[in-house]
Amino acid sequence: MAFRLRSERDPARIAALLDLSLWSLSPLSLMSIGFIVLLLSGIAAGFTGGYWGRLWIWVAIVLLVVITVLMTPVGAGHYNKVRAAIGQKPPREKTDAPPSVPLPPEQLEPLLMASTPWILVTLGGIGFAAIVLLMVFKPF
């Protein structure tokens, strides 16, 4: 969604992509279920392998939490600005609040072309690679 959004200029299509993105974070989405399965299988593997006394598993868990905590405000903050720029209310905003006034295309363009997708990919990619390396090599 993040990279596809960069090439969209139609506010209706932008709104649809943002809605799809928001749905993917809901508690019953495949992404949320996958995250829960990943976390629970990691915990189960920690018990079956007897790794809870090793430092690497704790570092991996802390990394997972830190990555999630860092990526959430970066993504949500930026995409809520995009929502406001097209006149859509941000999620969790009061329903009686009036929608914002859409920005003209020349002011919307910088928001769509922001480096946020690359920041998210970098944070998530490096963090995921670090967790995988910890799980494979179990260095400490």
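Look up: the structure comes first, before these words.
Residues numbered from 1 in each chain as written. Predicted model: local features only at pLDDT ≥ 70, side-chain atom pairs only at ≥ 80, totals over all residues. Heavy atoms only, no water.

Undergrad: Give me the lowdown on the packing of helix H4 (residues 55-85) against helix H5 (residues 105-112), citing residues and values where you can.
TA: Two elements in contact, H4 and H5, have axes separated by 10 Å at closest approach and are oriented at 165°. Classified by the interaxial angle, the pair formed by H4 and H5 is roughly antiparallel. For H4 against H5, the interelement crossing comes out left-handed. Across the interface between the two elements, His78, Lys81, Val82 and Ala85 from H4 touch Leu108, Leu111 and Leu112 from H5. Here the contact of H4 with H5 is built from residues that sort into five nonpolar, one polar and one charged. (Axes fitted to C-alpha atoms, helices over the stretch in contact; angles between N-to-C directions. Helix = DSSP H or I, 4+ residues; strand = E, 2+ residues; numbered from the N terminus. Parallel < 35°, antiparallel > 145°, perpendicular 65-115°, else oblique. Left-handed = near helix turned anticlockwise from the far one by under 90°. Contact = heavy atoms within 4.5 Å. Nonpolar A, V, L, I, M, F, W, Y, C, P; charged D, E, K, R; others polar.)

Undergrad: Tell me about the nonpolar core, and please be specific about residues and values.
TA: In terms of nonpolar packing, the biggest core is built from 14 residues, with Leu5, Ile14, Leu18, Tyr79 and Val82 touching the most fellow members. Apart from residues lying up to four places away in sequence, Leu18 is in contact with Met1, Leu5, Tyr79, Val82, Arg83, Ile86 and Gln88. Core analysis: the next-biggest nonpolar cluster, separate from the first, contains seven residues, Trp56, Ile57, Leu64 and Ile131 among them. (Core = buried A, V, L, I, M, F, W, Y, C linked by side-chain atoms within 4.5 Å. Buried < 20%, exposed > 50% of the residue type's maximum accessible area, 1.4 Å probe, protein only.)

Undergrad: Requested: an account of the environment of Gly42, with residues and values cited.
TA: Inspection of the secondary structure puts Gly42 in helix H3 (residues 30-49). The class of Gly42 is partly exposed, set by a relative accessible area of 29%. Spatially, the C-alpha atom of Gly42 lies 16 Å from that of Ile67, the residues being 25 residues apart in sequence.

Undergrad: Can you lay out a nonpolar patch on the surface for me, pointing to particular residues and giving the numbers?
TA: Residues Phe35, Ile36, Leu38, Leu39, Leu40, Ile43 and Phe47 make up a contiguous nonpolar surface patch of roughly 640 Å² in combined accessible area. With respect to the secondary-structure elements, Leu39 resides in helix H3. (Patch = residues over 30% accessible without salt bridge, like charges linked within 9 Å, V, L, I, M, F, W, Y side chains within 5 Å. Areas by Shrake-Rupley, 256 points an atom, 1.4 Å probe, with all protein chains shown as cover. Salt bridge = Lys/Arg side-chain N within 4 Å of Asp/Glu carboxyl O.)

Undergrad: Help me get a handle on empty space enclosed by the protein, residues and values and all.
TA: Remark: the empty space left among the atoms is shown by a probe the size of a water molecule rolled over them. As enumerated under the stated definition, the model contains one cavity of 30 Å³ or more in all. Estimated volume of the largest cavity: approximately 30 Å³. Looking at the largest cavity, the residues that line it are Ala2, Leu5, Arg6, His78, Tyr79, Val82, Leu111, Leu112, Ala114 and Pro117. For the lining of the largest cavity, the secondary-structure elements that each account for two or more residues are helix H1 (2-5), H4 and H5. Tallied by class, the residues present in the lining of the largest cavity amount to eight nonpolar, one polar and one charged. (1 Å grid on protein atoms, 1.4 Å probe; cavity = no way out; pocket = protein on both sides within 12 Å on 5 of 7 lines; lining within 4 Å. Points joined across faces, edges and corners; volume = space filled by probe spheres on them.)

Undergrad: Describe in detail the environment of Ile86, supporting the description with residues and values.
TA: By the element assignment, Ile86 lies in the loop between H4 and H5. Ile86 sits in the buried class, given a relative accessible area of 11%. Residues Ile86 and Glu109, spaced 23 residues apart in sequence, show a C-alpha to C-alpha distance of 11 Å. Ignoring anything within four residues of it in the chain, the contact list for Ile86 reads Pro11, Ile14, Ala15, Leu18, Pro102 and Leu108.

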